[in-house]
Every structure is written in C-alpha cells, then in structure tokens.
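Observations on chain architecture
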Amino acid sequence: MLYTNLKHLESAADHQKAISENENVMVICGRMGPMCIPVYGIAEELENEFTHVKFYDMEFDNPESHVIRNLPEVRGFMGIPFTIYYKNGKVVKATSSIQTRDQVKTILSREFAASVTA
Amino acid sequence: METKRHYDAIVIGAGPAGLTAGIYLSRAKLKTLILNEGITGGQLILTHEIANYPGVENISGYQLSNIMMKQAKTFGCEIRSSIDILDMELQKKVKTITLSDQTEYTADSVILTPGGRSRTLNVPGEDQFRGRGVSYCATCDGDFFTGKEIVVIGGGNSALEESVSLTMYASKVTIVHQFDHFQAFEHAVEEAQANPKIHFIMESVITGFYGNESIESVGIKNLRSGRTTNFKTHGVFVFIGYLPNTEFIRDKVELNNRGEIVVKHDMSTNIEGVYAAGDSIAKHFRQITTAVGDGTIAALAASSYVHGLKAKQKHLITT
C-alpha cells in the first residue's frame, strides 16, 4: 500500500480509466522507498500548480502494474519509480528513478503546455 | 506578486532540525515561518525504517516527518515548501529573505537548516544512466540486478553494508574504492571481506559510464599505475557520502573547507541573530537524533535572542 496523498491506481482498469478520461496524466509507479517518496512529494506539491494535470501513483509490486512495467518506453529502466506522462492516453515521456522538482516541472510544462496557475 | 511579512524567526529548511526548531520557536509564542526549497522532511523521508529514534520502536522516515510537521503546525508554525530563495540579507538587524516570486519575508532571527544530499561522482554518463543501471539505493533497485554482476563505489559504512545486502540479488559485487583502506567500521569491512560474492578493486576511481539502452561497462582508473580499464557490469551503486546544501549561503555565513556551516556551542553562526542546525553544520555525527538536538539548541538560542531584542525595544519605549 502506498501511503501518499496522491490518488491511487489499484488496477489495470483504474489505469485505463484514468488515462482515457483525462487529457494530461502523470503516474508514478514505485514503492515507499527513498528514491520514490521524493517524487510522490513533488507531485503532491505540484498538484495545485498544474491543475490541468491528473496525478496518480501505482504500487510497483501490485501485479496489476504490469500496464506500466511492460510499456516499451520503460525498456532498460532499472530504477524505481517509473514515472509515466500520458497525453490523450499515449505515453509522451517516461523517466526512471528519482527526479528533482525542476526536472518534473520541466517535463510537465513541456509535455502538458497550458496556462499554469501562478 | 510582491508582499512583505515580518516574523520573529524564519527557519530555512524543513528536515528534522528545521521542523524541531519550528516546534520549539512556535511553542515559545514566536511568530515562526519555515521556508523549504525541497520536500518537507528532508533526508528523513528517505529513511525506510527508523528503529533507533528514542521512544518510537519502529517508524518510517515519511511518517515521522509528517508527525513533526503536524506538531509544528499545531503550535502555529507556518510552513512554505517548494519555494525558491532568490536572495538573503542576513547582516542587518532585520534579516530579509526574497523568494523567486518576489515575495519578501523579514525576521529578527534566522535558523539555517538546509541539510545535505547524496554526493554524486560527476563523471561522464552518470546522469544518462541514472535509473538505467546507475543507482543510489540498494533497497529500491537491488532486485533489478538479480543474478547479475554489479559494481559498488565507495568505502564507507553505506558502501560496505549495502554491498553485503546486494549479494542477496547479484551474483557478484565488485567494490571500487579510491583509497587502499576503508573508512567503514571494522565489523562492516570484515563482513564484506568474508562474503564470497564480494570482490575489491582498491586505489581506483570511476572515469565514466558506458552503454546503450542501459549501462554495460564502466571505466576504472588505477590511481597507482594511471591505467584505465573497461570493466563490464550490469549496474553501479554509488555510496560516496553526502554534501551540505550550502551553496546558496556561501557568501552569507562562515563555512569550512567542506562547505559546512561553522557554529558555536549554541548553534550561532558568525552573523548575529543567525543560527544553524542539522546535517549542514560542521560536525562529526549525522543522525536524526543529532539533527533534532541541534534544532532544539538553535531554537532556544534564537528564542532567547529575539526575546532579548523585544525586551530592549520595550525598555527604549518606556524610558
């Protein structure tokens, strides 16, 4: 169980629903570990700034996370979390391991360009 | 946006030292603000399980930092996270902190608790292969290397202890260390040396990370011979210590040659009204408990300083 303040994706069906019903989606697939927790924290803090993006997490050890772990975009990834950015249901960016707030913000701004709430 | 607000004390950083300072200052009825560039909890949230925090049998760093944060807020402490500090004026009696969004905060006292971060190697390929074979966390990524040969870089306790834990997954672990001896405790060295899966390359440094989709090899330079060889590996774990997050105060307070803030016994710096605590100060032991202790001392000293200022002002008004 991921005890973050993000919305959780518990199943492949949840995942499909999230990416099909929302234009801009970020999913962080990880564990409650040192490389993952900072990324959840960054996402939690950016939720208020990037209101046009839906933020979710998904537990890496949940078998249903195969929808993330088997993406072609994560081939070669050997560090959690796997963070996937979807636009209109398609993967537009994927990162492996810990990211800084600036790195996440840069991706969100570039891939989900829209007016950002100051 | 341009606003200006005055506080009795501003704490820079929200790790265990900063949150503790926030708890003590706000409980002393001082108007307190914590400004934090990173995630609330600092390095504390990176600790998976804490078993040696007195009074708490077992807790995750994430949970402990959440409790500390709530405790500070309960006493009235304000916390602003994910901010960018543009400038600080600490020399004057009234300290000024300006954020990148032009918000300006002033305070009678400032406590610096910026903490530290994992040191990186800064050699070619490190960024490119981070998460693609280069890792800084054995418990997070160890299982990606089941049955594979990996390299661990470092010679301290973390490097030696994590090498042993990585042998649960990897078929072979090669420790690369720049000196001819380890800095780790003797028991950690003995345990690693007794493990048949662990091999050692001493007096050597990494010169680069190479591969395509993921890492395939590293360059290892022998410091005695000067010869560099290409060493095949599936993964590299880096455990080479911490760096203090003090670049932003380099010209503001006295730092030592390692970039750590120099403090006196009451956590005061060379600037009047400015204190420091936690992993960023010059000290030998860095634990959550020591950060909490430093934060307490800094807050009590700052509290005394601010109350002294208030008493002087009151005296001037009445005479």
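Here the structure is a predicted model, which means the values were calculated and not measured.

Examining the overall build of chain A
The number of helices and strands found in chain A is four helices and five strands. Across chain A, helices and strands are ordered from the amino to the carboxyl terminus as β-α-β-α-β-α-β-β-α. For 118 residues, the compact-globule estimate of 2.2 N^0.38 gives 13 Å, and chain A sits close to it at 13 Å. Dimensions of chain A along its principal axes, counting C-alpha atoms only, are 40 × 30 × 25 Å. Put simply, 67% of the contacts in chain A that link residues at least 6 apart link residues at least 24 apart.

What about the interface of chain B and chain A?
By convention, interface size is frequently given as the accessible area that disappears when the constituent parts associate. Listed as interface residues are 21 residues of chain B and, on the opposing side, 20 residues of chain A. Of all the elements, helix α3 (residues 138-141) of chain B adds the most residues to the side of chain B that touches chain A, at three residues. Its residues assigned to classes, the side of chain B that touches chain A shows seven nonpolar, ten polar and four charged.

What to know about the sheet that holds strand β5 (residues 90-96) of chain A
The strands making up a sheet associate through hydrogen bonds between their backbones, and the pairing can be parallel or antiparallel. Residue and element names in this part refer to chain A. The five strands are arranged β1-β3-β2-β4-β5 in an open sheet whose pairing can be described as mixed. Among the strands making up the open sheet, the edge pair consists of β1 (7-9) and β5. Put simply, the sheet's adjacent strands are angled 25° from each other on average, direction ignored. Here six bridges tie strand β4 (residues 82-87) to β5, and the two strands are oriented antiparallel to one another. The residue bridging Lys87 from the neighbouring strand is Lys90, located in β5. Helix-sheet contacts for helix α2 (residues 37-46) involve β2 (24-30), β3 (54-59) and β4, and the interaxial angle to β2 is about 155°.

Quick notes on the sheet that holds strand β14 (residues 228-232) of chain B
Residues and elements named next belong to chain B. Strand order in this open sheet of three strands is β12-β13-β14, and the pairing throughout is antiparallel. Strand pairing shows two members of the sheet lacking a second neighbour, β12 (204-211) and β14, which therefore form its edges. Adjacent strand axes in the sheet meet at a mean angle of 25°, parallel and antiparallel pairs treated alike. The sheet contact formed by β12 and strand β13 (residues 215-222) spans seven bridges and is antiparallel. Paired with Phe209 across the two strands is Val218, which belongs to β13.

Some words on the nonpolar core
Residues and elements named next belong to chain B. Among the nonpolar cores identified, the biggest contains 119 residues, and Ile10, Ile111 and Ala298 are the most heavily contacted of them. Considering every element that reaches this core, the biggest residue donor is helix α6 (residues 288-318), with ten residues. Residue assignment places this core across two domains, with domain 1 (4-118 + 242-318) and domain 2 (134-238) each supplying three or more.

Some words on the environment of Glu49 of chain A
Residues and elements named next belong to chain A. Assignment of secondary structure puts Glu49 in the loop between α2 and β3. Looking at Glu49, the number of C-beta atoms within 10 Å reads 14, which means it is partly exposed. When the C-alpha positions of Glu49 and Lys105 are compared, they lie 9.8 Å apart, and in sequence the two are 56 residues distant.

Points about the domain arrangement of chain B
Parsing chain B into structural domains produces domain 1 (4-118 + 242-318) and domain 2 (134-238). On a C-alpha basis, the centres of domain 1 of chain B and domain 2 of chain B stand 36 Å from each other.

Some details on the pairing of strand β6 (residues 104-112) of chain B
Residue and element names in this part refer to chain B. For β6, the buried fraction is high: seven of the nine residues fall into the buried class. Across four bridges, strand β5 (residues 95-99) lies against β6 in antiparallel orientation. When the bridges of β6 are listed, Thr96 appears paired with Thr106. Between β5 and the antiparallel strand that follows it, β6, lie four residues; Gln102 among them carries a positive phi value of about 75°. Bridging between β6 and strand β17 (residues 274-276) involves three bridges; their strand directions are parallel. Bridging from a neighbouring strand, Leu112 pairs with Ala276 of β17.

What about the pairing of strand β10 (residues 172-176) of chain B?
Residue and element names in this part refer to chain B. The buried fraction of β10 is high, at four of five residues. As paired strands, strand β9 (residues 149-153) and β10 are joined by five bridges and run parallel to one another. Looking at β10, one finds that Ile153 is bridged to Val176. Crossover handedness for the path β9 to helix α4 (residues 157-166) to β10: right-handed. Across four bridges, the pairing between β10 and strand β11 (residues 198-201) is parallel. Bridging from a neighbouring strand, Val173 pairs with Ile198 of β11. Remark: the β10/helix α5 (residues 186-193)/β11 crossover connection has right-handed handedness.

What counts and how
- Residues numbered from 1 in each chain as written.
- Chains lettered and ligands numbered in written order.
- Predicted model: local features only at pLDDT ≥ 70, side-chain atom pairs only at ≥ 80, totals over all residues.
- Helix = DSSP H or I, 4+ residues; strand = E, 2+ residues; numbered from the N terminus.
- Rg over C-alpha atoms; globule rule 2.2 N^0.38 Å.
- Contact = placed C-beta atoms within 7 Å.
- Nonpolar A, V, L, I, M, F, W, Y, C, P; charged D, E, K, R; others polar.
- Pairing = 2+ DSSP bridges.
- Axes fitted to C-alpha atoms, helices over the stretch in contact; angles between N-to-C directions.
- Core = buried A, V, L, I, M, F, W, Y, C linked by C-beta atoms within 7 Å.
- Buried ≥ 20, exposed ≤ 12 C-beta atoms within 10 Å, placed from the backbone.
- Domains from an automatic or database assignment.
- Right-handed = clockwise from strand over helix to strand, strands pointing away.

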